[in-house]
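Each chain is listed here by its residues.
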Amino acid sequence: MSDTLAKAPQSTKPARITFAERRRRVFDSDLWHAFKTSPVAIVSTALALVLIVAALLADVLAPQNAFDTAQLNLLDGYTHPLERGAGSGMLFFMGSDDQGRDIFSALFYGTRLSLLVGLASVVFSLVLGIALGLLAGYLGGRTETVIMRVADIQLSFPAILIALLVFGVARGLIAPQHYENTAIGVIIVAIGLSNWAQYARTVRASTLVERNKDYVQAARLMGISGFGIMARHVLPNVMGPVLVIATINLALAIIEEATLSFLGVGLPVTQPSLGTLIRSGQKFLLSGEWWILFFPALVLILLALSINLLGDWLRDALNPRLR
Amino acid sequence: MFAYLLRSLSQATLVMLAVAFIAFSMFRYVGDPVASLVGTEATIKDREELSRSLGLDDPFPIQFVRFLANAAQGDLGISYRQGRPVVDLILERLPATLELALLSAALAFIVGLGLGVYTALNRRGVLANIVMSLSLVGVSLPTFLIGVGLIFLFAVNLRWLPSFGRGETVAFGWWTTGLLTESGRKSLIMPVVTLGFYQLTLIMRLVRAQMLEVMRADYIRFARARGLTERTINFRHALRNTMVPVVTIAGLQLGSVIAFAIVTETVFNWPGLGALFVRSVEVVDIPVMAAYLMFVGLVFVVVNLVVDLLYFALDPRLRGATAVPAR
């Protein structure tokens, strides 16, 4: 994160910057110093990194391929945490569900899907929001009015409601037999479409400020096109606040996906995210098998909390008034 | 004042028209209204006839105006799945959702305001810091997990409270309430806490931030210099100036509470509108989805209007001025 931030404003310079110079700038920056001295930032980064690595290496690290039914042993069903299964004799660190699926292994795959959907939807809303924000701020006039009105409407409705609507409409348009293959894409678009307005507003506000600055006037005099000015001169200068929003929105997107899946309108049981795992664990809660729900819920909370803390820290670190 | 009211009203109408337009587009273009009404044995001629009798051949603007006229008269179509008028479905579930949402909003506002003022005034206090840290956890905690956690604790383990439904309700005409029976009140506790918790942390953090901001202002320093008591400064000067943004956000939150009820109602099997909406998304029941969208749109617009009017009560500077306050 600190890497991209330190680099972004320099990408407009004509002279090439060597890798060593770049590295020196990163480690010499205020942001890196703030990071080094903040225990909250270090702990939450470490936690997030552990979860991300676990998700990336799911195939290698998980003791069992939890969604290959051939590997499951029904006799292992309902094994308590830290006990051995009755069928395979395997140690179930976090217990197993009704089909003898290792919860610990399922978590690797669930975290991977949750992160994937979260990241992809943030990128989707980021690109959409930045593009619309730049257009609104730079062009002004009627374009601006229309874009900002739509953004107002999006912002005044809760994200979960918009995502549900987009999801429902997409389901009405997509034939049922294609449904399972398109589920991830639909979810990403649904969550992405429910979160772009904040970026658009921030980028527009910053663009309005930047547009009248001397360097933009100078670039215009040099004959650089409006699009070029936006992309190469204005955009790098508005990236700071946008990155803070993106970090906090990543946590929100992950929670939103989990909520949709929990409601039963997200990812199907064959591709379970953390939310789907929690949904399927809920029916065992009333009969006392708490671990089927507890561990996915714990991982979801840790994931969201670590990203949230990181976002909070980043916001404070980038805000000069709080230094 | 009158010009201001007029502007707010016209804005509200525009938003409502936009929402209605989205709802209508869903209605008309997602799925095939004819296919959902005729049997599998209908011929192409039957379909065309039905299509004509439903007015689906008319130009788009005419269809949209007809949709608006019907909606204004309370006709929002018939549910594809349940075969009953959508308005009936909504009205019968409205009391459950409104009761839940209003109680949650009241809880969030009262407790959030109290805790916000407390944490702002005792900024370095131990208790205030604990509350602040807890609130950060609360923001990261998904609503449905709070609900599931409460169920596990109070329904499964302690067996104090019921885990689903509204309990016994008393009917007054078409309105039903759970507040008058013991099982109804018990059933309300967990859903209300679950739904209100997120808004509570939000309002608390907002009040605290605003209060801290206001306490730095010059007029507070001068109030101190004049020798006013801490109590007068805190509550008559600081809190009052905090209230304008807080009421805006809190008011707008009332709308989101109704929408967030979607999740809470699913967790607790609460027979309200949110649960109806989730079901309709699952089975792609477009008329119900469209009607729910219109309903939520209406709630938001009305809440916005009321909040706009509340500014006048809270901020004397606006009276007489024609300026529209910033959102």
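Residues numbered from 1 in each chain as written. Chains lettered and ligands numbered in written order. Predicted model: local features only at pLDDT ≥ 70, side-chain atom pairs only at ≥ 80, totals over all residues.

Asker: Hey, could you run me through the overall build of chain A in this one?
Answerer: Along chain A, the regular secondary structure elements total 14 helices and 2 strands. Across its three principal axes, chain A shows a C-alpha extent of roughly 75 × 50 × 35 Å. Residue pairs at least 24 apart in sequence account for 68% of intrachain contacts in chain A once pairs closer than 6 positions are excluded. (Helix = DSSP H or I, 4+ residues; strand = E, 2+ residues; numbered from the N terminus. Contact = placed C-beta atoms within 7 Å.)

Asker: Help me understand the overall build of chain B, please; the structure alone is not making it clear to me.
Answerer: When its secondary structure is counted, chain B shows 12 helices and 2 strands. Moving toward the C terminus, one meets the helices and strands of chain B in the order α-α-α-α-α-α-α-β-β-α-α-α-α-α. Each principal axis of the C-alpha distribution contributes one length, and for chain B these read about 85 × 60 × 35 Å. Classification of the 327 residues of chain B by burial places 36% in the buried group. (Buried ≥ 20, exposed ≤ 12 C-beta atoms within 10 Å, placed from the backbone.)

Asker: I would appreciate a short explanation of the interface of chain A and chain B in the present structure.
Answerer: Each side of the interface is counted separately: chain A has 33 residues, and chain B has 31 residues. Mapped by element, the contributors of at least two residues to the side of chain A that touches chain B are helix H7 (141–156), helix H8 (159–173), helix H12 (226–263), helix H13 (274–285) and helix H14 (291–318) of chain A. Split by residue class, the side of chain A that touches chain B holds 25 nonpolar, 7 polar and 1 charged. (Nonpolar A, V, L, I, M, F, W, Y, C, P; charged D, E, K, R; others polar.)

Asker: Would you mind showing me how to read helix H6 (residues 103–139) of chain A here?
Answerer: Three or four residues apart is the spacing at which side chains of an α-helix point the same way, because the helix has 3.6 residues per turn. Taking 1.5 Å per residue as the helical rise, H6 of chain A with its 37 residues ought to reach 54 Å, and the 53 Å between its terminal C-alpha atoms agrees with that figure. Of the residues flanking the end of H6 of chain A, it is Gly140 of chain A, one or two places downstream, whose phi is positive at about 65°. (Expected span 1.5 Å × (residues − 1).)

Asker: Where do I start with the confidence of the model for chain A in this structure?
Answerer: Low-pLDDT portions of the prediction should not be read for the details of their coordinates. Residue and element names in this part refer to chain A. Mean pLDDT over chain A stands at 81; residues scoring 70 or higher make up 90%. Element-level pLDDT for chain A is lowest in helix H1 (residues 2–7), with a mean of 46, against a maximum mean of 90 in H6. The low-confidence segment residues 1–13, where pLDDT is below 50, has 23 contacts with residues more than four positions distant or belonging to other chains. (pLDDT = per-residue confidence, 0-100.)

Asker: Would you mind showing me how to read the packing of helix H10 (residues 197–211) of chain A against H12 of chain A here?
Answerer: A pair of packed helices can be characterised by two numbers: the angle between their axes and the separation between those axes. Residues and elements named next belong to chain A. Relative orientation of the contacting elements H10 and H12 amounts to 145°, with a least axis distance of 9 Å. In the crossing of H10 with H12, the sense of the turn from one axis to the other is right-handed. Taken together, the residues of H12 that come into contact with H10 (itself represented by Gln198, Tyr199, Thr202, Val203, Ser206, Thr207 and Glu210) are Val234, Asn237, Val238, Pro241, Val242 and Ile245. (Axes fitted to C-alpha atoms, helices over the stretch in contact; angles between N-to-C directions. Left-handed = near helix turned anticlockwise from the far one by under 90°.)

Asker: Before we go on, may I ask you to explain the environment of Lys186 of chain B in this structure?
Answerer: All names here are of chain B. Tracing the backbone shows Lys186 in helix H8 (residues 182–215). Put simply, Lys186 and Pro162 are 24 residues apart on the chain and 7.1 Å apart in space, counted from C-alpha to C-alpha. Non-local contacts of Lys186, meaning those with residues more than four positions away in its chain, are made with Leu161, Pro162 and Gly167.

Asker: What is the right way to read the environment of Asp214 of chain A from this model?
Answerer: Structurally, Asp214 of chain A is set in helix H11 (residues 214–221). The sequence separation of Asp214 of chain A and Val234 of chain A amounts to 20 residues, and the corresponding C-alpha distance is 12 Å.

Asker: Looking at this structure, I do not really get unusual backbone geometry. What am I missing?
Answerer: Residues apart from glycine generally show negative phi values, whereas peptide bonds are mostly found in trans. Residue and element names in this part refer to chain B. Its identity is not glycine, yet Asn269 carries a phi of approximately 50°, on the positive side. Take Asn269: it is sitting in the loop between helix H10 (230–267) and helix H11 (273–282). The class for Asn269 is partly exposed, based on 14 C-beta atoms found within 10 Å. Within the chain, Val284 stands out as a residue other than glycine whose phi angle is a positive 50°. Assignment of secondary structure puts Val284 in the loop between H11 and helix H12 (286–314).

Asker: Would you mind showing me how to read the packing of H10 of chain B against H12 of chain B here?
Answerer: Residue and element names in this part refer to chain B. Relative to each other, H10 and H12 sit at 165°, their axes nearing to 9 Å. Taken together, the axes of H10 and H12 are roughly antiparallel relative to one another. The handedness of the crossing between H10 and H12 is right-handed. Touching Met243, Val244, Val247, Thr248, Gly251, Leu252, Leu254, Gly255, Ile258 and Ala259 of H10 are Val296, Val299, Phe300, Val303, Val306, Val307, Leu310, Tyr311 and Leu314, all from H12. Here the residues of the contact of H10 with H12 sort into 16 nonpolar, 3 polar and no charged. (Parallel < 35°, antiparallel > 145°, perpendicular 65-115°, else oblique.)

Asker: When you look at helix H4 (residues 39–56) of chain A in this model, what are you seeing that I'm missing?
Answerer: Residue and element names in this part refer to chain A. If you check H4, its first and last C-alpha atoms are 25 Å apart, about what 18 residues at 1.5 Å a residue would give, namely 26 Å. The set of residues buried in H4 consists of Ser44, Ala48, Leu51 and Ala55. Burial along H4 is one-sided: seen end-on, the buried residues are contained in an arc of 60°. In H4, the exposed positions that point more than 90 degrees away from the buried face belong to Pro39, Ala46, Leu49, Val50 and Val53. (Arc of directions from axis to C-beta.)

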